[in-house]
Amino acid sequence: MPHSKFQYRQNSVAQQGFTLIEIMVVVVIIAVVSVAVVSSLSGSDDRAARLQADRFMAVVNEVRDEAIIAGDNFILSVDERAGTYGFESIYSQTESKDSLLKDRNVDPEVELKWAVFEVFEDDPEAEPKVLISSLGEITPFEASFAGSDLKYVVLVNDDGQLERVDKKTGAF
């Protein structure tokens, strides 16, 4: 019997520490959690840029639908410096803008860039504007909403539809 007690003690002493594999698993779990926390904190402006691009695209599509239904043409104008965009009707001369046509602000942490590829006005000094016609056509343009690492570009594709393209942040 004394031999078995000794053997039991020896086994219990051997079982008291952590194995190298257990320690490595804990270190890997801590690393994964740390990366998730850091990426969620640093990517907030990228998420804001994506949300702003999606919101912009949805509003432009809604104004396009309104142009077709109402038989009206609308102008989309963007102010990069102020970080705003808005719409106005060409035919309707109402003083107050309804909620669809109101000016909208882009989050200050999101950089807004704007390029229009066709000018529909004769004045070359005029600010670039996009025409949204009653036929559903839109003047080709690109609007870029950039965070710290990602840029979301809303553009008119070859089919005349709005499309969002995701890119790494860089030159416009």
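## Thoughts on the sheet that holds strand E8 (residues 162-168)
Stage number 1. Taking strand neighbours across the sheet as the criterion, the 4 strands line up as E4-E6-E7-E8 in an open arrangement whose pairing is antiparallel. Among the strands making up the open sheet, the edge pair consists of strand E4 (111-116) and E8. Each strand axis lies, on average, 20 degrees off the axis of its neighbour in the sheet, ignoring direction.
Stage number 2. Pairing analysis gives 6 bridges linking E4 to strand E6 (residues 141-146), with the strands arranged antiparallel. Residue pairing in the sheet places Leu112 in a bridge with Phe145 of E6.

## A short note on the side chain of Ser133
Stage number 1. Tracing the chain through its elements places Ser133 in the loop between strand E5 (129-132) and E6.
Stage number 2. Excluding anything up to four places from it in sequence, Ser133 contacts Ala67, Asp72 and Asn73.

## So, the sheet that holds E5
Stage number 1. Within the open sheet, the 4 strands sit side by side as E3-E2-E1-E5. Their pairing is antiparallel. Each edge of the open sheet is held by one strand with a lone partner, namely strand E3 (104-105) and E5.
Stage number 2. With 4 bridges joining them, strand E1 (residues 74-79) and E5 adopt antiparallel strand pairing. Counterpart to Ser77 in the pairing with E5 is Lys129.

## Comments concerning the nonpolar core
In summary, soluble globular proteins display a tendency toward joint burial of nonpolar side chains.
Stage number 1. Phe56, Leu76, Phe87, Trp114, Ile132, Phe141 and Phe145 are the most contacted members of the largest nonpolar core, which totals 30 residues.
Stage number 2. Secondary structure elements with two or more residues in this core: helix H3 (44-70), E1, strand E2 (84-89), E4, E5, E6 and strand E7 (150-156).
Stage number 3. Of the residues forming this core, the biggest block, 8 residues, is contributed by H3.
Stage number 4. Discounting chain neighbours no more than four positions away, the residues touching Phe141 are Phe56, Leu76, Trp114, Ala115, Val116, Phe117, Val130, Val154, Leu155, Val156 and Leu162.

## What about the pattern of salt bridges?
Side-chain pairing between opposite charges can occur once the charged atoms of the two side chains come close.
Stage number 1. Taken as a whole, this structure holds 3 salt bridges when the rule is applied.
Stage number 2. A salt bridge links Arg164 to Asp166, with the shortest nitrogen-to-oxygen separation between them at 2.9 Å.
Stage number 3. Here Asp166 falls in the partly exposed class, since its relative accessible area comes to 44%.
Stage number 4. Each member of the salt-bridge network shares a partner with another, and the members are Asp54, Arg164 and Asp166.

## Side note on the side chain of Asn73
Stage number 1. Mapped onto the fold, Asn73 is located in the loop between H3 and E1.
Stage number 2. Leave out the neighbours within four places in its chain, and Asn73 touches Glu88, Ser89, Ile90, Tyr91, Leu131, Ile132, Ser133 and Ser134.

## A few points about the pairing of E6
Looking along a regular strand, one sees side chains alternate from face to face of the sheet.
Stage number 1. Counting buried residues in E6 gives 5 out of 6 residues, a clear majority hidden from the surface.
Stage number 2. By the bridge criterion, 5 bridges tie E6 to E7 in an arrangement that is antiparallel. In the sheet register, Ala143 faces E7, and the bridge partner there is Val154.
Stage number 3. Counting the residues between successive antiparallel strands, the hairpin from E6 to E7 contains 3 residues.

## So, H3
Stage number 1. Over its 27 residues, H3 runs 38 Å from end to end, which matches the ideal 39 Å to within 8%, given 1.5 Å per residue.
Stage number 2. For H3, the complete set of buried residues consists of Asp45, Asp46, Ala48, Ala49, Gln52, Ala53, Phe56, Val59, Val60, Val63, Arg64 and Ala67.
Stage number 3. The positive-phi residue at the C-terminal boundary of H3 is Gly71, with phi of around 70 degrees.

## Quick look at the environment of Pro128
Stage number 1. With respect to the helices, strands and loops of the structure, Pro128 is situated in the loop between E4 and E5.
Stage number 2. Along the sequence, Pro128 and Phe141 sit 13 residues apart, while their C-alpha atoms lie 9.6 Å from each other.

## Considering a negative patch on the surface
Stage number 1. On the surface, a cluster of negative charge is contributed by Glu62, Asp65, Glu66 and Asp98.
Stage number 2. Inspection of the secondary structure puts Asp65 in helix H3.
Stage number 3. Take Asp65: its relative accessible area is 43%, and that puts it in the partly exposed class.

Rules and cut-offs
- Residues numbered from 1 in each chain as written.
- Predicted model: local features only at pLDDT ≥ 70, side-chain atom pairs only at ≥ 80, totals over all residues.
- Heavy atoms only, no water.
- Pairing = 2+ DSSP bridges.
- Helix = DSSP H or I, 4+ residues; strand = E, 2+ residues; numbered from the N terminus.
- Axes fitted to C-alpha atoms, helices over the stretch in contact; angles between N-to-C directions.
- Contact = heavy atoms within 4.5 Å.
- Core = buried A, V, L, I, M, F, W, Y, C linked by side-chain atoms within 4.5 Å.
- Buried < 20%, exposed > 50% of the residue type's maximum accessible area, 1.4 Å probe, protein only.
- Salt bridge = Lys/Arg side-chain N within 4 Å of Asp/Glu carboxyl O.
- Expected span 1.5 Å × (residues − 1).
- Patch = residues over 30% accessible without salt bridge, like charges linked within 9 Å, V, L, I, M, F, W, Y side chains within 5 Å.
- Areas by Shrake-Rupley, 256 points an atom, 1.4 Å probe, with all protein chains shown as cover.
- Lys, Arg positive; Asp, Glu negative; His and termini not counted.
- Charge placed at Lys NZ, Arg CZ, Asp CG, Glu CD.

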